[in-house]
Amino acid sequence: MFRISVPGIIYFFLVFSGSALAQADQTIQAENEIKKYINHIVHQVKLTGDPAEKRLILDESLVTLQEALTRVHTFAALTGADQRNINSLVTDIREKQDELHGANGYSRVGDSELNDFSEFIQQDLEQANRTITISVTTALLAALILVLIAS
Amino acid sequence: MVRFALIVAAALLLANCLGTRSLPQEAAGGGPGPADYNLIYVIHGDGGYLYHDGNGDAVQADRKTLQEAIAVERAGAHAEVFIFHQRPRSHFLQLFPLRESRFYHFRAGELVEEVPYFSRRSDAGFLQEAGLYHRRRKAEAGHGPPPQRIFLYFGHEIPAHDGFGYHGSMPDVPFNMKILAQGMEAFNNNGKDRFDLTVLSSCSNGSRETASLLYTQTDLLIASPEELHLSYMDSGFFKAIRAEDFPVIRQLALAFAQHAFHILDQAVHTPVSITLYDTLTMEVHQWYRGSRFGKPSTDLPAGDDVNGVDQARDVSQ
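Predicted model only: the values in this text are computed from it and were never measured.

**Student:** Would you take a moment to explain the overall build of chain B for this structure?
**Tutor:** Helices and strands together make up the secondary structure of chain B, namely seven helices and 14 strands. Looking at chain B residue by residue over its 317 residues, the buried ones come to 54%. Sequence-distant contacts, at least 24 apart, represent 64% of the contacts inside chain B between residues at least 6 apart. Just so you have it, chain B exposes about 13,500 Å², and 53% of that area is on carbon and sulfur atoms.

Dropping the structure here:
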C-alpha cells in the first residue's frame, strides 16, 4: 500500500514551492550577484591608496565583466532582445574602460578621481533596470560565469 | 499525518488572513479635521531594487523608501498618508496565496491601520490599492478646505507600452504609462477628482508625452527625463510642511523638486535631472546637473522644445 510520510510531505512541498519561488527570483538574484561583485570592486579601489593599483583593479574588473557577458552566448542561444541588451551592456562597460585610460576621445580619469569614478560606475550600472529585458537563463549564465572568472 | 499537515496549512492560511492591525476605533476616527495634505505613496518592490550606498552597504530601494515614508508621518506631518508597498507575489506550499503587499494608513502622526493585501496586480491599474484608499479616506465635507492631494510613485522606469516583466513575480502582467494613468484615475474616484501634484520617482518618465497623458489626472507632474538613481527623490521634504507655508501648490512643487534635486546632487556622481511640468499650461521647470564622468548628456530630451525652462538648471555648477 502506498504510504505518505510526514518528512515526505514536507520534502515535496519544500521542493515544489522552492522551485516556484526560485523561478520568480532567479533573474533578480543573478543581477544582485553582479551588483555585489561591482560593490566588492569599489571597496577594493577605496582600500588602496596607490592610484596605479586603483586603476589596475578597475581595469581588470571591467575586463572581467565584459568577458563574462560576452561568453554567455557561447553557452546558450540568446534571443534577439537578450543579445541586444548584452551588447549594450558590454559597450557601456567598454566605454568606461576607455574613460579610465583616456582612450577613444575620452579624457583620462585623474588619479585623485578614481574613487569617485568607481562609485560612478557602480551607480550607473545599478540605477538602470536591465532585468526586464534579460531572460532568466541569460542573467543566470552571466552571473555564474562572472563568479567563475572572478574567483 | 496527512491530517496534521492539513491542519498546519489551514492554521497558516488563517494567520495569513488575520494580519490587519488597527488602532482602537476612537483613535482611528478621532483627532483633528482633515489634514493639509493627502499623500498617497505607491512603492513598487516586485523587481530588482538592490543598490549600494556610499559606504558600500546594500540597500533595498523599496524598503528604504517605505521607511522614509513612515518617517514622514511619524515626524507629525500635517498630512494623512496612505502607503502601498507592492511586494512580489508568493504562495504558501505553492497553493495558498500570501498577502505579501502592505497598506499603511497614518493620520495625525499615528498609524491608524496596517493591512496586508494580496499581490494581485492587473492590467487595469491600482484597483486593490484604490479600493483600500477609498474605504479609509476621511470624510472631508464640513471640515474646512479639502486637503491637497499628492500622488507619489517609486519604482523602475514605467514603459510607454507593453511593460511585460515589470512585475518580477508576475511577468505576464504588463505595467505601462497607460495602466499607471488608469490606476491614478481609480484613486481619483474615476475621474471625479484630480491630484494637485504627482511625483514619478522613476527613470526617464519625465517627458511632455507623460505630462500630456496624465493631464486628466494631475495638475502638476514632477519626474526625471533621464535615469534616476535608486536612492530616488527624497520625500522627507513632507515632514515639516504646512499649508500656510505653501498657499499655492505650485510653490510646494517647486520647493519639493529643488529639495529632491539637492539631495540627489550630493549623493550620486551620475547626472541628476528633475523636471516639473504644469500639465495644463505645459510650462516646464528643470533642474539639471551633469556628471564629471561618462558621456555628456543633454539637459532636455531631444524634441522637448519647451517654453519657460527655469533658470534653476545647472544650479549646482
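**Student:** Any chance you could explain the pattern of salt bridges here in plain terms?
**Tutor:** For side chains of opposite charge, pairing can occur when their charged atoms come near one another. Taken as a whole, this structure holds 20 salt bridges over all chains when the rule is applied. The partner of Arg292(B) in a salt bridge is Glu113(A), and the shortest N-O contact between them spans 3.3 Å. One end of the pair, Arg292(B), is in the segment after strand 14 (284–289); the other, Glu113(A), is in the loop between helix 3 (80–101) and helix 4 (114–127), on a second chain. Using a relative accessible area of 24% as the deciding quantity, one classes Glu113(A) as partly exposed. Between Lys64(B) and Glu68(B) there is a salt bridge; the shortest N-O distance is 2.9 Å.

**Student:** When you look at the nonpolar core in this model, what are you seeing that I'm missing?
**Tutor:** The tendency in soluble globular proteins is for nonpolar side chains to be buried as a group. Residue and element names in this part refer to chain B. Membership of the largest hydrophobic core comes to 81 residues, with the highest contact counts inside it found for Tyr41, Leu180 and Phe238. Per element, the largest residue contribution to this core is nine residues, and it comes from helix 7 (residues 249–267). Setting aside its immediate chain neighbours within four residues, phenylalanine 238 contacts Leu39, Tyr41, Val72, Ala77, Ile150, Leu152, Leu252 and Phe256.

**Student:** How should the pairing of strand 8 (residues 101–107) of chain B be read in this particular structure?
**Tutor:** In summary, the side chains of a regular strand alternate between the two faces of the sheet. Residue and element names in this part refer to chain B. Counted residue by residue, strand 8 has six buried out of seven residues, so it is predominantly covered. Sheet topology note: the strand 5 (residues 79–86)/strand 8 ladder contains five bridges and is antiparallel. Paired with valine 81 across the strands is phenylalanine 106, a residue of strand 8. Strand direction decides the pairing type here: strand 8 and strand 9 (residues 110–117), joined by seven bridges, are antiparallel. Pairing of arginine 107 across the sheet is with glutamate 110, part of strand 9. Taken together, strand 8 and the strand that follows it, strand 9, pair antiparallel across an intervening segment of two residues, in which alanine 108 is found at a positive phi of about 50°.

**Student:** Help me understand the packing of aromatic side chains in this model?
**Tutor:** Geometry of an aromatic ring pair is reported as the spacing of the ring centres plus the angle between the planes. All names here are of chain B. Under the defined criterion, the tally for this structure stands at 23 aromatic pairs over all chains. Arranged with centres 5.5 Å apart and planes meeting at 70°, the rings of tyrosine 133 and phenylalanine 187 form a pair that is edge-to-face. One end of the pair, tyrosine 133, is in helix 4 (residues 127–136); the other, phenylalanine 187, is in helix 5 (residues 177–187), and 54 residues separate them in sequence. Of the two residues examined, tyrosine 133 and phenylalanine 187, each falls in the buried class. Summarising the aromatic geometry, the rings of phenylalanine 237 and phenylalanine 246 are spaced 6.0 Å apart at their centres and angled 45° between planes, so their arrangement reads as tilted. Its relative accessible area of 13% is what places phenylalanine 237 among the buried residues. When its relative accessible area of 17% is taken as the criterion, phenylalanine 246 is described as buried.

**Student:** When you look at empty space enclosed by the protein in this model, what are you seeing that I'm missing?
**Tutor:** To locate leftover empty space, one rolls a probe as large as a water molecule over the atoms. All names here are of chain A. Scanning the model with the defined rule gives five cavities of 30 Å³ or more in all. A volume near 70 Å³ is recorded for the second largest cavity. Taken together, Tyr37, Ile38, Ile41, Val42, Leu58, Ser61, Leu62, Leu65, Ser118 and Ile121 make up the lining of the second largest cavity. Secondary-structure elements contributing two or more residues to the lining of the second largest cavity are helix 1 (6–47), helix 2 (51–75) and helix 4. For the lining of the second largest cavity, the residue count by class is eight nonpolar, two polar and no charged.

**Student:** Help me understand the environment of His134(B), please; the structure alone is not making it clear to me.
**Tutor:** Residue and element names in this part refer to chain B. With respect to the secondary-structure elements, histidine 134 resides in helix 4. Excluding residues within four positions of it along the chain, histidine 134 makes contact with Ala186, Phe187 and Asn189. A polar side-chain atom of histidine 134 sits 2.8 Å from the main-chain carbonyl oxygen of alanine 186.

**Student:** Even after reading the chapter, I still don't get the packing of helix 2 of chain A against helix 3 of chain A, so can you show me in this structure?
**Tutor:** Packed helix pairs are characterised by how far apart their axes lie and by the angle those axes make with each other. Residues and elements named next belong to chain A. At a closest axis distance of 10 Å, the pairing of helix 2 and helix 3 adopts a crossing angle of 165°. The orientation of helix 2 relative to helix 3 falls into the category roughly antiparallel. In the packing of helix 2 onto helix 3, the handedness of the crossing is left-handed. From helix 2, Arg55, Leu58, Asp59, Leu62, Val63, Leu65, Gln66, Leu69, Thr70 and His73 reach across to helix 3, where they touch Gln83, Ile86, Leu89, Val90, Ile93, Arg94, Lys96, Gln97, Leu100 and His101.

**Student:** Explanation requested: unusual backbone geometry in the structure shown.
**Tutor:** Peptide bonds are, in most cases, trans, and in most cases residues other than glycine have a negative phi. All names here are of chain B. Even without being a glycine, asparagine 190 presents a positive backbone phi close to 55°. Even without glycine at this site, serine 204 takes up a positive phi of about 60°. Here serine 204 lies in the loop between strand 11 (195–201) and helix 6 (208–213). Residue serine 204 is classed as partly exposed on the basis of its relative accessible area of 27%.

**Student:** Explain the confidence of the model for chain B here, please?
**Tutor:** Note that predicted coordinates carrying low pLDDT should not be read in detail. Residues and elements named next belong to chain B. On average, chain B scores 83 in pLDDT, and the residues at 70 or more come to 80%. Across residues 24–30, where pLDDT falls below 50, the model places six contacts with residues more than four positions away in sequence or in other chains. Under a pLDDT of 50 for its full length, residues 300–317 has, in the predicted model, 35 contacts with residues more than four places off or in other chains. Model confidence for the complex: the whole-complex pTM is 0.85, and ipTM, which rates the interface, is 0.82.

Calculation criteria
- Residues numbered from 1 in each chain as written.
- Chains lettered and ligands numbered in written order.
- Predicted model: local features only at pLDDT ≥ 70, side-chain atom pairs only at ≥ 80, totals over all residues.
- Heavy atoms only, no water.
- Helix = DSSP H or I, 4+ residues; strand = E, 2+ residues; numbered from the N terminus.
- Buried < 20%, exposed > 50% of the residue type's maximum accessible area, 1.4 Å probe, protein only.
- Contact = heavy atoms within 4.5 Å.
- Areas by Shrake-Rupley, 256 points an atom, 1.4 Å probe, with all protein chains shown as cover.
- Salt bridge = Lys/Arg side-chain N within 4 Å of Asp/Glu carboxyl O.
- Core = buried A, V, L, I, M, F, W, Y, C linked by side-chain atoms within 4.5 Å.
- Pairing = 2+ DSSP bridges.
- Phe/Tyr/Trp six-rings, centres within 6.5 Å; stacked < 30°, edge-to-face > 60°.
- 1 Å grid on protein atoms, 1.4 Å probe; cavity = no way out; pocket = protein on both sides within 12 Å on 5 of 7 lines; lining within 4 Å.
- Points joined across faces, edges and corners; volume = space filled by probe spheres on them.
- Nonpolar A, V, L, I, M, F, W, Y, C, P; charged D, E, K, R; others polar.
- Polar contact = N/O pair within 3.5 Å; in protein donor to acceptor, adjacent residues only side chain to side chain.
- Axes fitted to C-alpha atoms, helices over the stretch in contact; angles between N-to-C directions.
- Parallel < 35°, antiparallel > 145°, perpendicular 65-115°, else oblique.
- Left-handed = near helix turned anticlockwise from the far one by under 90°.
- pLDDT = per-residue confidence, 0-100.

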